[in-house]
Amino acid sequence: MSKYSVFSLVRNAFSYHEKWQRAWRSPDPRPEYDVIIVGGGGHGLGTAYYLAKEFGINNVAVLEKGWLGGGNTGRNTTIVRSNYLWDESAALYEHALKLWEGLSQDLNFNVMFSQRGVMNLAHNLHDWRELSRRVHAIRLNGIDSEILDAQQVKAEAPILNVSPNSRYPVMGASMQRRGGTARHDAVAWGYARGADMRGVDVIQQCAVTGFAIRNGRVEAVETTRGRIRAKTVGVAVAGHSSVLADMAGFGMPIESNPLQALVSDPIKPVLDCVVMSSAVHVYVSQSDKGELVIGAGSDGHVSYSQRGGFDIIEGIMGALCELVPIVSRLKMMRQWAGIVDVTPDRSPIIGRTPVDGLFFNCGWGTGGFKATPGSAQVFAATLAKGEPHPLAAPFSLDRFRTGRLIDEAGAAAVAH
Amino acid sequence: MFLIGCPWCGPRQQIEFHCHGEAHVTRPNDPDAISDAEWADYLFSRVNTLGIHYERWVHSHGCRRWFNVARDTATDRILAVYRMGEAAPKVKT
C-alpha cells in the first residue's frame, strides 16, 4: 500500500488521479481468526488498527453488516472535546484527545482534526455556577479549560445573540481551546486503511446473527457469510449492543434512542468554533464546506428507526433562531438520526461480559465520536491482554452491580 | 412524530406524551433477600428490544394518566394500547 504524501499527490496528478490504489482490500472471511471485531465504525476499526500496530495481533477480522462508518461514525456532529467532570471520564477522554492530536500523522490519512475550540454556554445563574465548578474540576485534572464572560463569548462567536433581553441571555461560557471537530468519515477510512495495511481483514456486508458459546466461552460467531471461529470477540456496535448481547444470552443496562442532527445550506465562514448549549440542548459548528452542522436532542423512547421525531427538530430550531438569529434565513438541507446506546449513568461500558472471551465496548450514548481513538486503543489493550486497560477498568459492566457508577448524566458538559 | 391513542382521550400527538421505558418491570418483593446482581438487574437492565417493545407512556399534557403501549421499535408503529395492570397483549409486527 503506497504512502500518501505531497509526492504521491504530484505523481498521481500526472495520471489525472486515475491510478490511485484502493485504500483497503475486500477479502472473503477466513474460517478462523485470533480476534474478531464486530462493528466497522470508528471504534471497531480503530480497535483492529491498534491490535495490529501496538500488540502485534494482525490475524484479525472486522465484521460490518453495512458499509464502513455507515452507523454513528457517519451520523454524529464531529465534535471532539475532553471537558468531563469526573476523574475517570476526564482521564479516558483526555487520552482520546491526545491521540486525536497526532492521529493524521499516525494514520498517514488526513482526518482534518481542527482544534477550533469548544464553547459551552451558560444562560442562567445555575448554569453559570455549574459551569464554573466544572471548569475548575477539569483544570485540576490538568485539562485546559477557561471561563469567558458574555463579551468574550460575543468576540469568539459574533453571530450569537448575547443581549440580556434575548430569550436565552448568555451569561458566559466555558471554553476548551484544544477541542474542535474532525472529519468523521476520514476517521473510519483512515483506521480501515491502517488496519488493512497491517493484515487485518475488513469484511463488509457481513452481519452477525449469533454466537457459538460452549461452557460459558465464546468459540465462534455465526454470520450471514458463515461461521467464523475466534477465541476472542470484541463487540463495538453502538445502538445495537443490546441486540448482540441478547444473542449471547445476557442483558445490558442500555436503552437505544434516535439522536438527530441536521445541516444547513453552505454559507460563507461565520463561525470558527463549536458552540454548545445544554439549556436549550443545541450544538452548532460550521463545516469546511460552509454548512452549519447542528446537533439536536434524542427521542425519549426506545427506537431503532434511525429517523427521530420532528418535534425535536422544531424545538431546537426554535431555540437556535433565538440564539443565532441568522439561522432564521437558512435552509436546512439534510436531517438524519443515529441510534445511540444510552446507559443509566451516561458513561460507556468497556470490558468483560458474562461470556468468557466476549468483550463489549458500548454505551457511549450521545458522545462516542470524540472518544474514538482512546476507546479503540484501550479496547485493543483489553482484548490483547484479556483484562481491562487501567483507563477502561472503572467502566466495567460490573459497576452497575457494585454501585460505583460514573454519573456524567448531569455532570458532562452537555445535557443528555 | 406519531399519533398515540390515549385510552381516555383518544388519538393525540406524541408531543403531549412522555415515554417512561420498559413496562412490566416488577420490583422485587423483598430487596434485602436478593443479591446485588439481582437488584442491579431490576434497577438497570432493560430489554431494549429491536422489534415489539412493551412500554409505559403518560399523557403529561392531557389527562396525565399512565398506560402501556406495544410498539415496533424498528418502525415506531404502535400495535396495541392497553391499561395499567392489564397483561401484555400478544401482537405481531
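Above this text is the structure in question.
Presented here is a report on the structure given in the accompanying data block.

1. Some words on the sheet that holds strand 1 (residues 35-38) of chain A
All names here are of chain A. The mixed open sheet is built from 6 strands, whose spatial order is 8-2-1-12-19-18. What marks the edges here is a single partner per strand, and that holds for strand 8 (201-203) and strand 18 (349-352). On average, each strand axis in the sheet is inclined to that of its neighbour by 15 degrees, with strand direction left out of account.

2. Side note on the pairing of strand 6 (residues 77-83) of chain B
Residue and element names in this part refer to chain B. Note that strand 5 (residues 66-72) and strand 6 share 6 bridges and pair antiparallel. Following the sheet pairing, F67 is matched in strand 6 by R83. Linking two consecutive strands that pair antiparallel, namely strand 5 and strand 6, is a turn of 4 residues; a positive phi of about 65 degrees is found at D76 within it.

3. Points about the pattern of salt bridges
Residue and element names in this part refer to chain A. The final tally for this structure, using the stated rule, is 24 salt bridges over all chains. Put simply, D201 and R25 hold a salt bridge, and the shortest N to O gap is 3.1 Å. One end of the pair, D201, is in strand 8; the other, R25, is in the loop between helix 1 (6-14) and strand 1, and 176 residues separate them in sequence. A relative accessible area of 2% places D201 in the buried class. Its salt-bridge partner being E222, residue R227 comes within 2.8 Å of it at the nearest N-O pair. On the accessibility criterion, R227 (48% relative accessible area) is partly exposed. Via salt bridges that share partners, E94, K98, E101, D144 and R178 belong to a single interconnected network.

4. Quick notes on the sheet that holds strand 6 (residues 172-176) of chain A
Residue and element names in this part refer to chain A. Taking strand neighbours across the sheet as the criterion, the 8 strands line up as 5-6-4-14-15-16-13-17 in an open arrangement whose pairing is mixed. One side of each edge strand has no neighbouring strand; the edge strands of this open sheet are strand 5 (146-149) and strand 17 (332-342). Going across the sheet, the axis of each strand differs from the next one's by a mean of 25 degrees, ignoring polarity. Along the sheet, helix 5 (residues 125-140) contacts strand 4 (118-122), strand 5 and strand 6; its crossing angle with strand 5, the most-contacted strand, is approximately 150 degrees.

5. With respect to unusual backbone geometry
In this structure, N108 of chain A takes a positive phi of about 55 degrees despite not being glycine. For N108 of chain A, the location among the structural elements is in the loop between helix 4 (103-107) and strand 4.

6. Structural notes on the interface of chain B and chain A
Across the contact, 24 residues belong to chain B and 24 residues belong to chain A. For the pair chain B and chain A, the two sides together bury roughly 1700 Å², of which 55% comes from carbon and sulfur. At the surface where chain B touches chain A, the tally comes to 0 salt bridges. Counting every contact that joins chain B to chain A gives 10 residue pairs in polar contact (both at pLDDT 80 or more).

7. A few points about a nonpolar patch on the surface
Together, V6, F7, V10 and F14 of chain A line one region of the surface with nonpolar side chains, adding up to about 480 Å² of accessible area. Summarising the element assignment, V10 of chain A is placed in helix 1.

8. Some points on the side chain of T73 of chain A
Residue and element names in this part refer to chain A. For T73, the position within the fold is in the loop between strand 2 (60-63) and strand 3 (79-80). The buried category is assigned to T73, whose relative accessible area is 12%. When sequence neighbours within four positions are dropped, the list of residues in contact with T73 reads G41, G42, H184 and A188.

9. Considerations on the packing of helix 2 (residues 42-55) of chain A against helix 10 (residues 372-385) of chain A
Pairs of packed helices are described in terms of their axes, by the angle between the two and the distance that separates them. Residue and element names in this part refer to chain A. Running from N to C, helix 2 and helix 10 point in directions that differ by 55 degrees, and their axes come no closer than 7 Å. As the angle between them shows, helix 2 and helix 10 are arranged oblique. Note on packing geometry: the crossing formed by helix 2 with helix 10 is right-handed. On helix 10, the residues touching G42, H43, G46, T47, Y50, L51, E54 and F55 of helix 2 are T372, P373, S375, A376, Q377, F379, A380, A381, L383, A384 and K385.

10. Details of helix 10 of chain A
Residues and elements named next belong to chain A. Here helix 10 contains 14 residues, and its C-alpha end-to-end distance of 20 Å stays within 8% of the 20 Å for a straight helix at 1.5 Å per residue. Extensive coverage of helix 10 is indicated by the burial of 12 of its 14 residues. For helix 10, the complete set of buried residues consists of T372, P373, G374, S375, A376, Q377, V378, F379, A380, A381, T382 and L383. Where helix 10 terminates, the next one or two residues include G386, which has phi positive at roughly 75 degrees.

What counts and what doesn't
- Residues numbered from 1 in each chain as written.
- Chains lettered and ligands numbered in written order.
- Predicted model: local features only at pLDDT ≥ 70, side-chain atom pairs only at ≥ 80, totals over all residues.
- Heavy atoms only, no water.
- Pairing = 2+ DSSP bridges.
- Helix = DSSP H or I, 4+ residues; strand = E, 2+ residues; numbered from the N terminus.
- Axes fitted to C-alpha atoms, helices over the stretch in contact; angles between N-to-C directions.
- Salt bridge = Lys/Arg side-chain N within 4 Å of Asp/Glu carboxyl O.
- Buried < 20%, exposed > 50% of the residue type's maximum accessible area, 1.4 Å probe, protein only.
- Contact = heavy atoms within 4.5 Å.
- Buried area = accessible area lost by both parts, 1.4 Å probe.
- Polar contact = N/O pair within 3.5 Å; in protein donor to acceptor, adjacent residues only side chain to side chain.
- Patch = residues over 30% accessible without salt bridge, like charges linked within 9 Å, V, L, I, M, F, W, Y side chains within 5 Å.
- Areas by Shrake-Rupley, 256 points an atom, 1.4 Å probe, with all protein chains shown as cover.
- Parallel < 35°, antiparallel > 145°, perpendicular 65-115°, else oblique.
- Left-handed = near helix turned anticlockwise from the far one by under 90°.
- Expected span 1.5 Å × (residues − 1).

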